[in-house]
Amino acid sequence: MSKPKVGIYGLTSCAGDQLVILNCEDELLKIANRIDIMDWVMAQSKNDETCQLDVALVEGVVAQERDIEVLKKARDRAKYLIAIGTCACFGGVAAMKNQIPREIMKTEVYGDGIDFIDSVKAQPLGSFVKVDYRLPGCPIEKEQLLQLISSLCVGDMPEILNIPVCMECKMRENACLVVEKGMVCCGALTVGGCNARCPSHNVPCGGCHGPVDETHYDANVSMFKQAGLTKIQIEEKMSMFATPAWMTEKLMEEIQNEGK
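Since this is a predicted model, take the numbers as computed values, not measurements.

Caption draft 1: Up close: the overall build of the chain. Across its full length, the chain holds 11 helices and seven strands. Looking at the 260 residues of the chain, the share that counts as buried comes to 43%. Sequence-distant contacts in the chain: of pairs separated by 6 or more residues, those separated by 24 or more amount to 73%.

Caption draft 2: Geometry of helix α9 (residues 217-226). All of the buried residues in α9 are Tyr217, Asn220, Val221, Met223 and Phe224. For α9, the buried positions fall inside an angular range of 160° around the axis, keeping them on one side. Looking one or two residues beyond α9, the residue adopting positive phi is glycine 228, at roughly 90°.

Caption draft 3: Region of the structure containing the nonpolar core. By size, the foremost hydrophobic cluster in this structure holds 21 residues, and its most contacted members are Val58, Val62, Leu71, Leu81 and Leu125. Sorting the residues of this core by element identifies β3 (53-59), α3 (65-77), β5 (78-84) and α4 (86-90) as the ones contributing at least two each. Ranked by size, the runner-up nonpolar core spans 20 residues in total, among them Val6, Ile8, Ile82 and Leu152.

Caption draft 4: Representation of the sheet that holds strand β2 (residues 36-39). The five strands are arranged β2-β1-β3-β5-β7 in an open sheet whose pairing can be described as parallel. Only two strands of the sheet have a single partner each, and these edge strands are β2 and β7 (133-135). Sheet twist, expressed as the average angle between the axes of neighbouring strands with direction ignored, equals 30°. Here β5 runs beside β7; their pairing, made up of three bridges, is parallel. Residue isoleucine 82 lies in a different strand from β7, and its bridge partner there is tyrosine 133. Against the sheet, α3 makes contact with β1 (5-10), β2, β3 and β5, and its axis sits at roughly 135° relative to β5, the strand it touches most. Packing of helix α6 (residues 142-153) onto the sheet brings it into contact with β3, β5 and β7, and relative to β7 it is tilted by some 155°.

Cut-offs applied
- Residues numbered from 1 in each chain as written.
- Predicted model: local features only at pLDDT ≥ 70, side-chain atom pairs only at ≥ 80, totals over all residues.
- Heavy atoms only, no water.
- Helix = DSSP H or I, 4+ residues; strand = E, 2+ residues; numbered from the N terminus.
- Buried < 20%, exposed > 50% of the residue type's maximum accessible area, 1.4 Å probe, protein only.
- Contact = heavy atoms within 4.5 Å.
- Arc of directions from axis to C-beta.
- Core = buried A, V, L, I, M, F, W, Y, C linked by side-chain atoms within 4.5 Å.
- Pairing = 2+ DSSP bridges.
- Axes fitted to C-alpha atoms, helices over the stretch in contact; angles between N-to-C directions.

This is the structure in structure tokens:
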């Protein structure tokens, strides 16, 4: 079997997900031997910008006109397009303030008279192109990345993880931060894969892996309200990393129904 031809691209982002790939250390040479990285500006100077790709890994959120161009070009070139990182999957922190007009935000950050920033409403990749697989995380988990690459090398897609952080927390025998310490934790709402890293260090889950399927919003709304949070605070807490996803819409539906 020939090695898959791969392109790795970054849109508006912190580049943390690409750094995870570079930081694979002992595994990096094995990765390089199993795939042909044809186009990766961050890591190599000699790139093929026109060849057809088997896989395109794309990090970051669409927040500029140039991001749309890069994304659509990658989609046209690749058989499979994979969103890596929560920004690419759900919009991430860049989409937290989408309700504020971009012109106002540009003025607040850069001042008046700025015309070189082609900012648009921050949105995940799926708002513009077909995404074949999503690997969330802020940043992505090294182990999940290696599993993804291994699966691609044998012509398969990895199994999509769909367990909440709460389950991983229980498996680590952690004391529940909600029950035991009265903290507001998004572990029941958030897809796992991090091995409950934050709760294991007494830091409540902030939802950086995005929403898990079949979330019990009503129970979580009740939990947050018992902690003294307002409806607006509940929305902000539960949609911090996944605002453009279905998360906020479903959450607000539960809040409205609960208030009737």
